[in-house]
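Residues per chain are reported as follows:
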Amino acid sequence: MFNWKSIAIFGIVSLGLFGCSTAQENATTEAKAPETNQNEQISADENKEQNGTSQEIRTYVNQTDAWMLELPSTWNDVHIVESGRMTEFIFPSQNPDYKQSLFWINTISEEEWEKAQAEGPTGSAKEITRKNGDVYLYYTPLDQVLEDNELKRYEEMVKDIPKIIESFKFE
């Protein structure tokens with residue numbers, strides 16, 4: 001009789017632990033999901049031909065200012081975070097302590113931009129375009145924290161930024 005009770009208790013404890021494990025796995029999955037804003041829309045376009053080979057292009061649409069960018073398929077796991085009129089494209093590091101930006105786009109008024117330029121160097125800010133009294137700028141980080149294979153991948157992705165910025169357009 002003692003063995004039956006032990007087996008029953010062991011089964012109940014195991015079931016409880018299995019249930020906890022499943023909840024913990026779900027929490028981890030949610031934590032790893034890219035940060036997004038509910039106004040953000042990302043959709044996949046039709047494959048586009050480039051140099052005789054197909055490469056899937058993903059279109060990012062910013063709902064706040066109604067601009068779009070085309071991102072190469074190698075950027076599918078990039079985290080995109082909108083905050084006000086700034087959108088940040090974050091490298092998908094395996095280290096959760098690293099938040100390494102690839103670049104970000106910010107929208108400011110023409111007056112703010114002219115004032116910043118008059119005050120001196122504007123860091124890595126580069127003007128993309130102007131529309132309705134606003135200036136659309138992109139910035140690249142001046143430093144990075146990545147190492148080894150992640151650093152190599154980051155450096156390859158940085159090479160895509162000029163082409164991505166060229167694809168900037170309004171809806």
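Below, the structure is looked at part by part. (Residues numbered from 1 in each chain as written. Predicted model: local features only at pLDDT ≥ 70, side-chain atom pairs only at ≥ 80, totals over all residues. Heavy atoms only, no water.)

Now for the environment of Asp77. Checked against the element boundaries, Asp77 lands in the loop between strand S5 (67-72) and strand S6 (79-83). Exposure remark for Asp77: the relative accessible area of 34% places this residue in the partly exposed category. Sequence separation between Asp77 and Ser93 is 16 residues, and the spatial gap between their C-alpha atoms is 9.7 Å. Once you skip the residues sitting within four places of it in the chain, Asp77 turns out to touch Pro92 and Arg153. (Helix = DSSP H or I, 4+ residues; strand = E, 2+ residues; numbered from the N terminus. Buried < 20%, exposed > 50% of the residue type's maximum accessible area, 1.4 Å probe, protein only. Contact = heavy atoms within 4.5 Å.)

Once that is clear, we can look at the pattern of salt bridges. Applying the stated criterion across every chain, the model contains eight salt bridges. One salt bridge connects Asp65 with Arg85, and the closest N-O pair in it is separated by 2.7 Å. In this pair, Asp65 sits in the loop between strand S4 (57-62) and S5 while Arg85 sits in the loop between S6 and strand S7 (86-90), placing the two residues 20 residues apart along the sequence. Take Asp65: its relative accessible area is 13%, and that puts it in the buried class. Among the residues examined, Arg85 registers a relative accessible area of 31% and is labelled partly exposed. (Salt bridge = Lys/Arg side-chain N within 4 Å of Asp/Glu carboxyl O.)

This part covers the packing of aromatic side chains. Counting across every chain of the model gives 10 aromatic pairs. Ring geometry for Tyr136 versus Phe168: centroids 5.7 Å apart, planes at 50°, classification tilted. Taken together, the residues span a long stretch of sequence, with Tyr136 in strand S10 (residues 134-139) and Phe168 in the loop between helix H4 (161-166) and strand S11 (169-170) at a distance of 32 residues. The residues Tyr136 and Phe168 share a single accessibility class, namely buried. Among the aromatic residues, those joined into a ring-pair cluster are Tyr60, Trp67, Trp75, Phe89, Phe103, Tyr136, Phe168 and Phe170. (Phe/Tyr/Trp six-rings, centres within 6.5 Å; stacked < 30°, edge-to-face > 60°.)

What follows concerns the sheet that holds S6. The strand order across the open sheet formed by five strands is S6-S7-S8-S10-S9, and the pairing between neighbours is antiparallel. Two strands lie at the open edges of the sheet, namely S6 and strand S9 (126-131), each paired on one side alone. For this sheet, the mean inter-axis angle between neighbouring strands, taken without regard to orientation, is 15°. Where S6 lies against S7, five bridges are found, and the strand directions are antiparallel. Within S7, the residue paired with His79 across the bridge is Ile90. In this fold helix H2 (residues 110-119) packs onto strand S8 (101-109), S9 and S10, with an angle of close to 115° to the strand it touches most, S8. (Pairing = 2+ DSSP bridges. Axes fitted to C-alpha atoms, helices over the stretch in contact; angles between N-to-C directions.)

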